[in-house]
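Results of the structural survey
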Amino acid sequence: MNEQSEERDEVLATVRRFERMLADGEPAFFDLADFESIIDHYTQSAQFDKALQACEAAVAQYPFSTELLIDRAQVLAMRGEYPEALKQIDEVAERDPDNADVAVTRGIVSTQQGDYPAAVAYFQQGAERAPDRDDIYFNLGLAYQQWQKFKSAARNYKQSLKLNPDNDAAVQELLYCLEVSGRLDSNLEFFRRFTDEDPYSTIAWYNLGQAYYKALQYGNAAQAFDYAIVIDPKFYEAHAYLASCFVSMEEYSRAIEEFQLSYPEGEPTAEAFCNIGECYEKLRQWDLSRRHYQKALDLDPEMDEAWFGIGVILDAQEHWFQALHYYRKAVGLYAESGEYWVALAGAEYQVGNIVSALEAYEKATEVQPDMPEGWINWSAILYEQGNYDAAIDLMKTATELLPEDAELLYRLCAYQLAAGRYRQAYDVLENALLLDFDKHRLLFEFFPELEQQRALTRLIEQYRK
């Protein structure tokens, strides 16, 4: 990992030198490898305009380099300029018809245009011409994945990793495909095989750890990340993942120790500080938690998680007026979080801003309709206001969206009983009891007096197993 860090530093130095050349308007010499590194840097960070600038400068110095012409075609494709990209690659094909990258580039264009059968055919041509190139199998996996053919995608990602175990993007995409196709647990052996073949490979243990983590086997994941760290104590990404394992196992003190090792000494990151703040929050050490959230904001004022975290701390201490400021800042930065809107609504309610609370709950269910808490809390306010019909209608909408959530059904039943709609309530109750009998206690928690109604208790007893 240290070698990779040094290589990154060299690339960044080359990029800075290139950018100085552009800013000063004076020519500077770069060898072919330098230009390749600059172009890769820009494309990996999705800076396609700068990547194209680098291509043009490179082609001006090396007009007969097919590699650079192919780079230019691929960058044009990434910018959505497909006709120009294909025109460029056709010119390359005239010079070097057997070049695997001709087929690969055509495959990339076809993938981006949504023509997945053509893309697969092109990438397969490329693989026949260059069977040892992991990037071709990776692109083939991407084409199959976007085609929703996850098994075929996974097979090609595996081939890519066999050729290059360091391809982290292939690891992530493979894990995603295995997860969505329900085949992750049965494929853990694929990742274990790399550690068996090379037990001193940090990447092999790191990849195995990620697989275990995705499979929710946090103990095994922690052990794998620990092995990676033993081999390379400065493997910062492994420290971060190990910390996340401890968070999942609710071992927050150990997680804090690992998050503190997840960055080079003296170079803390906003993400690390935010994660540490959340761990202290779970430990209810409010001062330390807030201090670390603030450190995160000092490094990155736009970090919505840190603003939200401080709001949570203030909320827990019943400082609701102060919490409002931080919750509002969080939703302002990331308005697509149902969790943020629910928290904001709760604080608004606590300070008596009922209309604002209702608006925030409505927004929560809009951005995250599969979050039961938003529907339940919103309906509870309507119920408290005596607006039983609105509360019932709201819960009907929620149960239609989330028919497998028994808690929503029990809440709807309670509202219907309160409104005197007994027949409808009993129908809903039967469905809830069939779905999750044990949760019927929620009904009595909401309406303790219902436990005295014999007809209701008799109906419930009929469904006791």
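Residues numbered from 1 in each chain as written. Predicted model: local features only at pLDDT ≥ 70, side-chain atom pairs only at ≥ 80, totals over all residues. Heavy atoms only, no water.

Here histidine 292 is to be found in helix α17 (residues 286-299). Look at histidine 292 and you get buried, because its relative accessible area is 9%. Ignoring any residue separated from it by four or fewer positions in sequence, one finds histidine 292 in contact with Phe273, Cys274, Ile276, Gly277 and Tyr280. (Helix = DSSP H or I, 4+ residues; strand = E, 2+ residues; numbered from the N terminus. Buried < 20%, exposed > 50% of the residue type's maximum accessible area, 1.4 Å probe, protein only. Contact = heavy atoms within 4.5 Å.)

Before going further, it helps to examine the packing of aromatic side chains. Tallying each qualifying case throughout the model produces 24 aromatic pairs. Three or more aromatic residues joined by ring pairs make a cluster, and in this case those are Tyr206, Tyr213, Tyr218, Phe225, Phe235 and Tyr241. Just above the ring of phenylalanine 190 sits the side chain of lysine 158; from NZ or CZ to the centre is 5.3 Å. In this arrangement the basic side chain of lysine 329 is found over the ring face of tryptophan 307, its NZ or CZ atom lying 5.4 Å from the centre. (Phe/Tyr/Trp six-rings, centres within 6.5 Å; stacked < 30°, edge-to-face > 60°. Lys NZ or Arg CZ within 6 Å of the ring centre and 35° of its normal.)

Since the α-helix advances by 3.6 residues per turn, residues separated by three or four positions end up pointing in the same direction. Over its 13 residues, helix α4 (residues 66-78) extends 18 Å from the first C-alpha to the last, a length consistent with the 18 Å expected when each residue adds 1.5 Å. For α4, a buried count of eleven out of 13 residues is recorded, marking the element as mostly surrounded by other parts of the structure. Buried residues of α4: Thr66, Leu68, Leu69, Ile70, Asp71, Arg72, Ala73, Gln74, Val75, Leu76 and Ala77, and no others. Looking at the packing, one finds that the buried side of α4 touches α2 (32-44), α3 (48-61), α5 (82-95) and α6 (100-112). Residue glycine 80 follows α4 closely and has a positive phi angle near 85°. (Expected span 1.5 Å × (residues − 1).)

The next thing to look at is the packing of helix α21 (residues 354-367) against helix α22 (residues 372-384). Contact geometry of α21 with α22 gives a least axis separation of 9 Å together with a crossing angle of 150°. By the angle class used here, α21 and α22 are roughly antiparallel. Between α21 and α22 lies a crossing whose hand is left-handed. Contacts from Ile354, Ala357, Leu358, Tyr361, Glu362 and Thr365 in α21 reach Gly374, Trp375, Asn377, Trp378, Ile381 and Leu382 in α22. A per-class count over the contact of α21 with α22 returns eight nonpolar, three polar and one charged. (Axes fitted to C-alpha atoms, helices over the stretch in contact; angles between N-to-C directions. Parallel < 35°, antiparallel > 145°, perpendicular 65-115°, else oblique. Left-handed = near helix turned anticlockwise from the far one by under 90°. Nonpolar A, V, L, I, M, F, W, Y, C, P; charged D, E, K, R; others polar.)

Next up on the list: empty space enclosed by the protein. Applying the stated criterion across every chain yields a total of one cavity of 30 Å³ or more. Reported here for the largest cavity is a volume of approximately 50 Å³. Lining the largest cavity we find Leu161, Pro165, Phe191, Phe194, Ala204, Asn207 and Leu208. Counting residues per element, the lining of the largest cavity draws most heavily on helix α12 (residues 202-214), which supplies three residues. (1 Å grid on protein atoms, 1.4 Å probe; cavity = no way out; pocket = protein on both sides within 12 Å on 5 of 7 lines; lining within 4 Å. Points joined across faces, edges and corners; volume = space filled by probe spheres on them.)

Annotation from UniProt places "repeat: TPR" (unreviewed entry) at residues 66-99, 100-133, 134-167, 202-235, 270-303, 338-371 and 372-405. Secondary structure across residues 134-167 divides into 79% helix and 0% strand, with the first and last C-alpha atoms of the span separated by 8 Å. The span residues 202-235 is 79% helix and 0% strand, and its two end C-alpha atoms sit 8 Å from each other. (UniProt positions renumbered as here; feature names shortened; annotations may be inferred.)

Residue placement: alanine 418 occurs in helix α24 (residues 406-418). A sequence separation of 32 residues divides alanine 418 from glycine 386, and the C-alpha atoms of the two residues are 9.9 Å apart. Ignoring anything within four residues of it in the chain, the contact list for alanine 418 reads Tyr383, Tyr388 and Phe447.

Attention shifts here to the nonpolar core. Among the nonpolar cores identified, the biggest contains 85 residues, and Phe18, Phe35, Ile38, Leu174 and Phe191 are the most heavily contacted of them. With residues up to four places along the chain from it excluded, the contact list for isoleucine 38 reads Thr14, Val15, Phe18, Phe30 and Ala54. Within the second largest apolar cluster, 69 residues are counted, among which are Phe308, Val367, Ile376 and Ala391. (Core = buried A, V, L, I, M, F, W, Y, C linked by side-chain atoms within 4.5 Å.)

Sizing a probe to match a water molecule and rolling it over the atoms shows the empty space that remains. In this structure, the largest pocket spans a volume of roughly 1700 Å³. In terms of lining residues, the largest pocket is bounded by 44 residues, among which Asp40, Thr43, Gln44, Asn167 and Ala169 are the most central. Among the secondary structure elements, those contributing two or more residues to the lining of the largest pocket are α1 (2-24), α2, α4, α6, α8 (134-146), α10 (168-180) and α12. It is α2 that provides the largest number of residues to the lining of the largest pocket, a total of seven residues. Taken together, the residues of the lining of the largest pocket sort by class into 18 nonpolar, 13 polar and 13 charged. By volume, the second largest pocket is sized at about 890 Å³. Forming the boundary of the second largest pocket are 34 residues, of which Ala240, Phe259, Glu271, Ala272 and Asn275 lie nearest the centre. Mapped onto the lining of the second largest pocket, the elements with two or more residues apiece are α1, α14 (236-248), α16 (270-282), α18 (304-316) and α20 (338-350). No other element matches α16, which puts eight residues into the lining of the second largest pocket. When grouped by side-chain class, the residues that make up the lining of the second largest pocket number 16 nonpolar, eight polar and ten charged.

To continue, consider α5. For α5, spanning 14 residues, the distance from its first C-alpha to its last is 20 Å, which sits close to the expected 20 Å at 1.5 Å a residue. All of the buried residues along α5 are Ala85, Gln88, Ile89, Val92 and Ala93. For α5, the angular spread of buried residues about the axis comes to 145°, placing them on one side. Relative to its buried face, α5 has exposed residues pointing more than 90 degrees away, namely Pro83 and Glu94. For α5, the elements touching its buried residues are α4 and α6. (Arc of directions from axis to C-beta.)

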